[in-house]
Amino acid sequence: GDGYWTSEARQNDRLRLRLVNASNARIFSLSLKGLSGWVVALDGQPLAVPEPAGQFVLAPAQRADLIVDVTAEAGAEASLVSHERGGSYAVAVYRVGPAAADRRTATPAPLPANPVPDTGSLKTARTVDLVMDGGAMGGMRSALLNGQDTDIRTLVSQGKAWAFNGQAEMTDTPLLSARTGETVRIRMDNRSRWPHAMHLHGHHFRQVLQEERLGPLRDTLLMQSGETAEIAFVADNPGDWLLHCHMVEHAAAGMMTWLKVS
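Just so you know, these numbers come straight off a predicted model, no measurement behind them. (Residues numbered from 1 in each chain as written. Predicted model: local features only at pLDDT ≥ 70, side-chain atom pairs only at ≥ 80, totals over all residues. Heavy atoms only, no water.)

1. Notes on the pairing of strand β22 (residues 256-261)
What counts here: In this scheme, strands are said to pair when DSSP sees at least two bridges between them. The numbering of helices and of strands both runs from the N terminus, where a helix is a DSSP run of H or I of at least 4 residues and a strand a run of E of at least 2.
Across three bridges, the pairing between strand β14 (residues 176-178) and β22 is parallel. What sits directly across from A178, in β22, is V261. In this sheet, β22 lies alongside strand β21 (residues 239-245) in antiparallel orientation, the contact comprising six bridges. Note that in β22 the partner of L243 across the bridge is T257.

Written out as structure tokens, the structure reads:
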């Protein structure tokens, strides 16, 4: 809650930073100044191999754990920098004191993995499509609301401007029903003119990349306008689980659905 957060550090200190984007809709593009380090976890899930922390993006609900070394000189400042259209700004600042003993090593060892099941066979996975539509400058002309096909002007007058698969509200039936332990694939298509931070409750997934390679475990995926993406995960947590855009205004205005695991 502090827009001018500062703390103290010493040159050569090694710090662990846990960054959480708790904003409603703002996407942060971040980098380090007077610090060098590695991303060691995303959305609470350790990376198999830490990655150098260059410029990186955090959408609403996304998290990143970093291990950083203070490289700024004593008397200077080290900072976490936000890059925006109007320039670059420090969002967190360390005032750097005299050098500590140089405890730094090379790349830190990976953090211990959490007990998340392997994704399993993608070829036999249950697959479902999720089309994202609506918003300003979009092509959506109508969507289902209260069981009725409703034009966009009426939707907006009732606080609904977004839709999943042509539905501008939470549905009575789930997007997908899966058995516990089943591998699931969700193909997402962002047909709107806006980015969306797609967040899945109760599970972590991997993005399916080219040649069906798998990305790191996450629970929130930022999808840009016009982008398609596919995620895969094992439905290992029984219950009813929300899948929604974590730009909370988008969720309230129609971008919510759910999955059933039994």
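Now that the structure is up, let's keep going.
2. Let's talk about unusual backbone geometry
Selection criterion: Three exposure classes are used, based on accessible area relative to the maximum for each residue type with a 1.4 Å probe and protein chains only: buried under 20%, partly exposed in between, and exposed over 50%.
Its identity is not glycine, yet D43 carries a phi of approximately 50°, on the positive side. On the secondary structure map, D43 appears in the loop between β4 (35-42) and β5 (45-52). Overall, the relative accessible area of 1% leaves D43 in the buried class. Residue M137 is not a glycine yet carries a positive backbone phi of 65°. Positionally, M137 belongs in the loop between β10 (126-134) and β11 (142-145).

3. Here's the deal with the side chain of Q45
Heads up, the rule is: Residues count as neighbours in contact if any of their non-hydrogen atoms are within 4.5 Å of one another.
Summarising the element assignment, Q45 is placed in strand β5. Under the relative-accessibility criterion, Q45 is labelled buried at 7%. Dropping the residues within four chain positions of it, Q45 is found in contact with N114, V116, H204 and L217.

4. Overview of the nonpolar core
Quick reminder of the rule: Residue types Ala, Val, Leu, Ile, Met, Phe, Trp, Tyr and Cys, when buried and joined through side-chain atoms within 4.5 Å, form a set referred to as a nonpolar core.
Among the nonpolar cores identified, the biggest contains 30 residues, and L130, I186, M188, M198, F233 and L243 are the most heavily contacted of them. For this core, the element with the most residues is strand β20 (residues 228-235), which contributes four residues. Counting residues in hydrophobic clusters, the runner-up holds 24 residues, among them L19, V68, A92 and Y94.

5. A closer look at the sheet that holds strand β9 (residues 87-97)
Here is the rule: Comment: axis = line fitted to C-alpha atoms, over the contacting stretch for helices; angle = value between 0 and 180 degrees taken between N-to-C directions.
Pairing within the open sheet is mixed, and its five strands lie in the order β1-β9-β8-β3-β6. Strands with a single pairing partner mark the edges of an open sheet, and in this sheet they are β1 (6-10) and β6 (56-58). Averaged over all neighbouring strand pairs, the angle between strand axes comes to 35°, with direction disregarded. Examined bridge by bridge, strand β3 (residues 28-33) and strand β8 (residues 77-84) share four bridges and lie antiparallel to one another.

6. Topic: the packing of aromatic side chains
Counted only if it meets this: Pairs were defined over the aromatic rings of Phe, Tyr and Trp, the Trp ring being its six-membered one, requiring ring centres within 6.5 Å. Orientation was assigned from the angle between planes: stacked under 30 degrees, edge-to-face over 60, tilted for the rest.
Inspection of every chain in the model, using the stated rule, returns one aromatic pair. With 5.6 Å between their ring centres and 85° between their planes, W5 and Y94 make a pair best called edge-to-face. Here Y94 lies in strand β9 and W5 lies in the segment before β1, a separation of 89 residues in the sequence. Residue classification places W5 among the partly exposed residues on the basis of a relative accessible area of 35%. The buried category is assigned to Y94, whose relative accessible area is 12%.

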